[in-house]
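# Structure at a glance
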Amino acid sequence: MANTQSQRKNILFIMCDQLRYDYLSCAGHKTLHTPNIDSLAERGVRFSNAYVQSPICGPSRMSTYTGRYVSSHGATGNFVPLRIGEQNIGDHLKPLGMRPVLVGKTHVIADQEGMVRLGIDPASEIGVHHAQVGFEPYERDDGIHPDRVLKPNVAYNEYLKERGYDDHENPWHWSANSVMRNGEVRSGFFNDVAASPARVTDEESETPYMTRRAMQFLEEDDGETPWLLHLSYIKPHWPYIAPAPYNDMYSAKDVQPAHRSNAELEDPNPLAQLYQDRVSAKTFSKDEPRETTIPAYMGLIKQIDDQLGVLFEFMKDRDLLENTMVVFTSDHGDYFGDHWMGDKDFFHDPSVKVPLIIADPDPRADATRGTVQEKMVEAIDLLPTFIEYAGGTVPRHIIDGRSLLPMLEGQETPWRDYVISEYDYFMQPFSPKTGREPLECRIYMIANTEWKYIHAPGYPPMLFDLTNDPDEFNDLGRSDAHEETRKQMHYALADWSLQYRQRETVSEQRAEQMVGLEDKFGVLIGYWDESDVKPPATAPDYTEGQITN
């Protein structure tokens, strides 16, 4: 039976791209004010220790959309397909009567080879389902469209052309993410132009466009079918180009000092040094690039906050906030020169820690409104939260994450002892220098409240004492005094890696029903005579319908 407007429970799932955990005023940023995101935190819970399962777009998002660790779902890089058959957000929510809808980015790469192998037409309903990681693509736009890689026929490009930006086949690049300098168009991929305004207006830029598309979906909503609307903003991901007035809303005086220590350059871990030697690291280790680019990054965040204000007001006018869980997060962070690194891809907090705010309208969550939850949570916890919110049961044999609903409702619940993140660096330009095969180019992070341990096969480990060195400046990976701690963290990582996460076809309930199944079948192994046969061997009542998932 369809839910009515007052009964149904919706989810607005907002994800930014490359938004650091500490670039919100509710998270302590000194000059960047984000009142609309802050207001969300006031009516919900802000999770101050949320970690993604990979510090790069594709693998991180695939973990979020499947509820599984990277080593479970196998999409280990930005251009690595999510294998066909991997259960996704649509597989879990559609059977519960919820409609998962996408506006914006997912970064999923379809498993075309798998579809061919199984005879699946990519244009068929099941083909689109897997190609869109279970979402109905109201508007799919991954937002990174440089000319040398793609000449995309995306709706946003067509929109810009209709607005008169038709001097190039790819106005995403040459209008929305480029500037005019000295009478010439300059690409926003070059950070020296970050202070200049984009060639498009605020209204025509990506963030307001996607906000309007989300509101268009809500206007078309039938008022009956519960939905999960994934509003996935492309910004503040590079190119760091903002439209006026956001391009110069902030200046160098608003840039907080780089979070780094000269000690990090003295005999660094050899793998960490390869990251410090990347182009992005060399650029953002200098003051001028930081003071030029970070203000534009802040402007892009401010624009997102302003647009969320528009969206929240739109939803309030339609009484949608009364029955909609609102989730705000990011897929990873950005170094911006912290730890002498640039972009993301490694495991210091600026890269792997993200903002997470959840506002649940259910009265059972009233006791936690406006609070900060300090327990370590993971991005994979969102999907099981959605499943429980929609009235379902989390399939523990498939999903690695844990529902956050008990925390939202103020319940004391047993929780994990550590968080995990993974990364394959085989596509990094420096990978040939390591002398390692692509399958060997992997890194793991395990962290608890006291220690962060990084394991990269072929390299010394890295270890940070989060109690005495919360800044993560002093690598103890080769310290004789910390050998026992490294062993303990390595054993914990090994225990995690040995978890049994591939028995997707047999649920825990079915596993319990299968106890003594061979006896029930009449396969009597090792008995001496009939007198030894006891239940369940004497209960041959098995039928196909009695053993269920």
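Residue numbers here run from 1 along each chain, matching the order of that chain's written sequence. Since the coordinates come from a predicted model, pLDDT governs what is reported: local features require at least 70, and pairs of side-chain atoms require 80 or more to be given and counted, while whole-chain, interface and lining totals use all residues. Only hydrogens and water are removed before side-chain values are computed, so all heavy atoms of the structure are retained for them.

## Section: the overall build of the protein chain
What counts here: In this text, helices come from DSSP runs of H or I with a minimum length of four residues, and strands from runs of E with a minimum of two, each type numbered from the N-terminal end. With the radius of gyration taken over C-alpha atoms, the globule rule is written as 2.2 Å times the number of residues to the power 0.38. When a residue's accessible area, from a 1.4 Å probe over protein chains only, is under 20% of the maximum for its type it is buried; when over 50% it is exposed; and in between it is partly exposed. Should any heavy atoms of two residues lie within 4.5 Å, those residues are considered in contact. Residue exposure ignores everything except the shown protein chains as possible cover, and the areas themselves are Shrake-Rupley values with a 1.4 Å probe. In this tally Asp and Glu are treated as negative and Lys and Arg as positive; neither His nor the chain ends contributes. For charged residues, the charge sits on one atom: NZ in Lys, CZ in Arg, CG in Asp, CD in Glu.
Along the backbone of the protein chain there are 19 helices and 17 strands. Computed over its C-alpha atoms, the radius of gyration of the protein chain comes to 25 Å, within 12% of the 24 Å expected for a compact globule of 549 residues. Seen along its three principal axes, the alpha-carbon backbone of the protein chain occupies a region of about 95 × 65 × 50 Å. Within the span of the protein chain, comprising 549 residues, buried residues form 57% of the whole. Here the contacts in the protein chain between residues at least 6 apart in sequence split such that 72% fall between residues at least 24 apart. By element, 50% of the accessible surface of the protein chain is carried by carbon and sulfur atoms, the whole surface being about 23600 Å². Between the centroid of the 53 positive side chains of the protein chain and the centroid of its 87 negative side chains there is a distance of 2 Å.

## Overview of the confidence of the model for the protein chain
Applicable threshold: The pLDDT score gives, residue by residue, the confidence of the prediction method on a 0 to 100 scale.
Mean pLDDT over the protein chain: 93, with 95% of residues reaching 70 or higher. Per-residue pLDDT stays below 50 along residues 1-6; that stretch engages in 10 contacts with residues further than four places along the chain or on separate chains.

## Focus on the nonpolar core
The test is simple: To define a nonpolar core, start from buried Ala, Val, Leu, Ile, Met, Phe, Trp, Tyr and Cys residues and group those joined through side-chain atoms within 4.5 Å.
Counting residues in each nonpolar core, the largest one holds 65 residues, and the members touching the most others are Phe386 and Ile443. The element contributing the most residues to this core is helix α14 (residues 382-389), with 5 residues. Setting aside residues no more than four positions away along its own chain, Phe386 makes contact with Ile11, Phe13, Ile89, Leu93, Leu228, Met325 and Val327. With 55 residues, the next largest nonpolar core counts Met215, Phe217, Leu229 and Leu320 among its residues.

## Some details on helix α1 (residues 35-42)
Counted only if it meets this: This arc is built from the directions going out from the helix axis to the C-beta atoms.
Three or more residues of α1 are buried, namely Ile37, Asp38, Leu40 and Ala41. Each buried residue of α1 sits inside an arc of 155 degrees when the element is viewed along its axis, so together they form one side. In this fold, the buried residues of α1 make contact with β2 (45-47), α12 (287-317), β9 (324-330) and β11 (356-359).

## Considerations on the sheet that holds strand β10 (residues 353-354)
Selection criterion: A pair of strands is labelled paired if DSSP reports no fewer than 2 bridges between them.
Spatial ordering of the open sheet is given by β10-β3-β13, a layout of 3 strands whose pairing is mixed. The outermost strands of the open sheet, each flanked by one partner alone, are β10 and β13 (377-378). Where strand β3 (residues 50-51) lies against β10, 2 bridges are found, and the strand directions are antiparallel. Each bridged residue has a counterpart across the sheet, and for Tyr51 the counterpart in β10 is Lys353.

## Quick look at the packing of aromatic side chains
Applied cut-off: Working definition: rings of Phe, Tyr and Trp (its six-membered ring) pair if their centres are within 6.5 Å, and the pair is stacked with planes under 30 degrees apart, edge-to-face with planes over 60 apart, and tilted otherwise. Placement of a charge over a ring requires the Lys NZ or Arg CZ to be within 6 Å of the ring centre, with the centre-to-atom vector within 35 degrees of the ring normal.
Taken as a whole and assessed by the stated rule, the structure comprises 20 aromatic pairs. Measuring from centroid to centroid gives 6.1 Å for Tyr156 and Tyr159, while their planes differ by 20 degrees, and the two rings are stacked. Taken together, the positions of Tyr156 and Tyr159, both in helix α7 (residues 155-162) and 3 residues apart, correspond to about one turn of that helix. With a relative accessible area of 0%, Tyr156 lands in the buried category. For Tyr159, a relative accessible area of 14% translates into the label buried. Taken together through their ring pairs, the aromatic side chains of Tyr23, Tyr240, Phe284, Tyr297 and Phe336 make up a single cluster. Just above the ring of Tyr21 sits the side chain of Lys353; from NZ or CZ to the centre is 4.6 Å.

## Topic: the sheet that holds strand β17 (residues 462-465)
Counted only if it meets this: Where helices are involved, their axes are fitted lines through C-alpha atoms of the stretch in contact, as for all axes, and angles between N-to-C directions lie from 0 to 180°.
Judged by pairing direction, the sheet is antiparallel, and its 4 strands sit side by side in the order β14-β15-β16-β17 without closing on themselves. Each edge of the open sheet carries a strand with a single partner, namely β14 (419-424) and β17. If you compare each strand with its neighbour and ignore which way they point, the axes differ by 10 degrees on average. With 4 bridges connecting them, strand β16 (residues 451-455) and β17 associate as antiparallel partners. Of the residues in β17, the one forming a bridge with Ile454 is Met462. The sheet contacts of helix α17 (residues 483-497) involve β14, β15 (442-447), β16 and β17, and relative to β16 the element is tilted by about 70 degrees.

## Details of helix α9 (residues 206-220)
We count it as follows: Expected span of a helix, by definition, is 1.5 Å for each gap between consecutive residues, and there is one gap fewer than residues.
With 15 residues, α9 should cover 21 Å at 1.5 Å per step; its first-to-last C-alpha distance of 21 Å lies within 8% of that length. The buried count for α9 comes to 11 of 15 residues, which makes it a mostly enclosed element. Against the buried residues of α9 lie β4 (99-104), β5 (136-140), α7, α8 (171-176), β8 (227-232) and α12.

## What about the environment of Gln256?
For Gln256, the location among the structural elements is in the loop between β8 and α10 (270-276). Judged by relative accessible area, Gln256 falls into the partly exposed class, the value being 23%. Setting aside residues no more than four positions away along its own chain, Gln256 makes contact with His29, Lys30 and Arg290.

## Some thoughts on the packing of α1 against α12
Let me state the cut-off plainly: To sort the angles, those under 35 degrees are grouped as roughly parallel, those over 145 as roughly antiparallel, those from 65 to 115 as roughly perpendicular, and the leftovers as oblique. Under the scheme applied here, ten amino acids are nonpolar (Ala, Val, Leu, Ile, Met, Phe, Trp, Tyr, Cys and Pro), four are charged (Asp, Glu, Lys and Arg), and all others, including Gly, are polar.
For the pair α1 and α12, interaxial distance at closest approach is 7 Å and the crossing angle is 60 degrees. For the element pair α1 / α12, the angle class is oblique. Between α1, through Pro35, Asn36, Ile37 and Leu40, and α12, the contact on the second element is made entirely by Lys302, Asp305, Asp306, Leu308, Gly309 and Phe312. Residues of the contact of α1 with α12, tallied by class, amount to 5 nonpolar, 2 polar and 3 charged.

## What about the packing of α7 against α9?
The N-to-C vectors of α7 and α9 enclose an angle of 110 degrees; their axes lie 12 Å apart at closest approach. Relative to α9, the element α7 lies roughly perpendicular. Along its contact with α7, which presents Ala155, Tyr156 and Tyr159, the element α9 presents Glu206, Tyr209 and Arg212.

## Side note on the pattern of salt bridges
Where charged atoms from two side chains of opposite charge approach closely, those side chains can pair. Filter applied, for reference: We define a salt bridge as a side-chain nitrogen of Lys or Arg found within 4 Å of a carboxyl oxygen belonging to Asp or Glu.
For the structure shown, the criterion picks out 33 salt bridges. Lys161 serves as the salt-bridge partner of Glu169, at 3.1 Å between the closest nitrogen and oxygen. Salt bridges here are not isolated pairs; linked through shared partners, they connect Asp17, Arg61, Lys105 and Asp331.

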